[in-house]
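Residues per chain are reported as follows:
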Amino acid sequence: FYIKFLYFGFLMLTGIFLTDKICKKAVKSMNSIVIADDEINLCLSLKKVIENHCENTSVVETFFNGRDLLDFIKINHVDIVITDIKMPLATGLDVAKFISENKLNTHIIITTGYKEFEYARQAINYHVDCLLAKPFAYKEIIEKIKELQQIIESEHSSAITEDELYLSNFLIFKGKLEEIYHGA
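First things first, this report covers the structure right here in the doc. Everything quoted here is computed from the prediction, not taken from an experiment. Each chain carries its own residue numbering, running from 1 in the direction its sequence is written. Given that the model is predicted, a residue must reach a pLDDT of at least 70 before its local features are reported, and side-chain atom pairs must reach 80 or more before they are shown or counted; all residues, however, enter totals for whole chains, interfaces and linings. Water and hydrogen atoms play no part in the side-chain values, which are based on all heavy atoms of the structure.

Observations regarding the overall build of the protein chain
Quick note on the threshold: By the criteria applied, helices consist of DSSP H or I runs no shorter than four residues and strands consist of E runs no shorter than two, each listed in order from the N terminus. Exposure is judged per residue with a 1.4 Å probe applied to protein chains only, and the accessible area is read against the type maximum: over 50% gives exposed, under 20% gives buried, and values in between give partly exposed. Residue contacts are counted whenever heavy atoms from the two residues lie within 4.5 Å of one another. Method for areas: the Shrake-Rupley scheme with a 1.4 Å probe, in which residue coverage is limited to the protein chains shown.
Along the protein chain, the regular secondary structure elements total six helices and five strands. Listing every helix and strand of the protein chain by position from the N terminus yields α-β-α-β-α-β-α-β-α-β-α. Buried residues in the protein chain amount to 38% of all 184 residues. Partitioning the contacts of the protein chain with sequence separation of at least 6, the portion at a separation of at least 24 is 70%. Of the roughly 11300 Å² that the protein chain leaves accessible, carbon and sulfur atoms contribute 59%.

Structure below.
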């Protein structure tokens, strides 16, 4: 009786786990983007441009200071962060540092009106994907987002491979359990 209980309990829990993982993969095809810039008009127009020219993306939030952006990414996963380098309360580099130190799977585009080398050096240290000088053409940022989408898709494909390995191991283990169950 105890073996039957374990067998059916294992199958139920694993089935729920696999179904949950498959559903999350299906939902994950939309790339989430947040934008932060203390220039409110730039922030809002950039949101419109992205929504009109980038497929499979959703601008989930816009912020006008760095601290609100940091608070958001501490509790929400985001695929791409577009942030100004100089903002009130926290800088774009503070955000990049947080993402880097916490090993978040988030890509970063930093925009700046400053041409100081120190900013570029720090951005490289925090694994920033792109540093765009203001004023930039919207075409530039659209192209960069599309490049990042391809990278994200590649990352998701490798995650699916890990799931396939897990499923394979599950089926082997299930077979062993069935042998024990039918033998008991």
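Topic: the sheet that holds strand β1 (residues 31-36)
What counts here: DSSP calls a pair of strands paired once it identifies at least 2 bridges connecting them. Orientation is described by lines fitted to C-alpha atoms, with helices fitted over the stretch in contact, and by angles between N-to-C directions that extend from 0 to 180 degrees.
The strand order across the open sheet formed by five strands is β2-β1-β3-β4-β5, and the pairing between neighbours is parallel. Two strands in the sheet have a free side with no partner beyond their single neighbour: β2 (57-63) and β5 (130-133). Neighbour to neighbour, the strand axes of the sheet diverge by 20 degrees on average, direction disregarded. Judged from the four bridges that link them, β1 and strand β3 (residues 80-84) form a sheet pairing that is parallel. In the strand pairing of β3, Val34 is matched with Val81.

Describing the side chain of Thr62
Inspection of the secondary structure puts Thr62 in strand β2. Looking at Thr62, the relative accessible area reads 16%, which means it is buried. Among residues more than four places away in sequence, those in contact with Thr62 are Ile35, Cys43, Leu44 and Lys47.

Topic: the pairing of β5
On β5, burial follows the alternation: Cys130 and Leu132 on one face are buried, whereas Leu131 and Ala133 on the facing-out side are not. Both strand β4 (residues 107-112) and β5 contribute to a ladder of four bridges, which runs parallel. By the bridge assignment for β5, Thr111 is matched with Leu132.

Regarding the packing of helix α3 (residues 66-75) against helix α4 (residues 92-101)
Quick note on the threshold: Roughly parallel refers to an angle under 35 degrees, roughly antiparallel to one over 145, roughly perpendicular to one between 65 and 115, and oblique to any angle outside these ranges. If you view the pair so one helix is near and one far, a crossing is left-handed when the near helix is turned anticlockwise from the far one by less than a right angle, and right-handed when it is turned clockwise. The residue classification treats Ala, Val, Leu, Ile, Met, Phe, Trp, Tyr, Cys and Pro as nonpolar and Asp, Glu, Lys and Arg as charged. All others, Gly included, are polar.
Taken N-terminus to C-terminus, the directions of α3 and α4 make an angle of 15 degrees; their axes are 9 Å apart at the nearest point. Considered as vectors, α3 and α4 are oriented roughly parallel to each other. Classified by chirality, the crossing of α4 by α3 is right-handed. On the side of α3, the interface is formed by Gly66, Leu69, Leu70, Ile73 and Lys74, while α4 contributes Asp94, Val95, Phe98 and Ile99. Taken together, the residues of the contact of α3 with α4 sort by class into six nonpolar, one polar and two charged.

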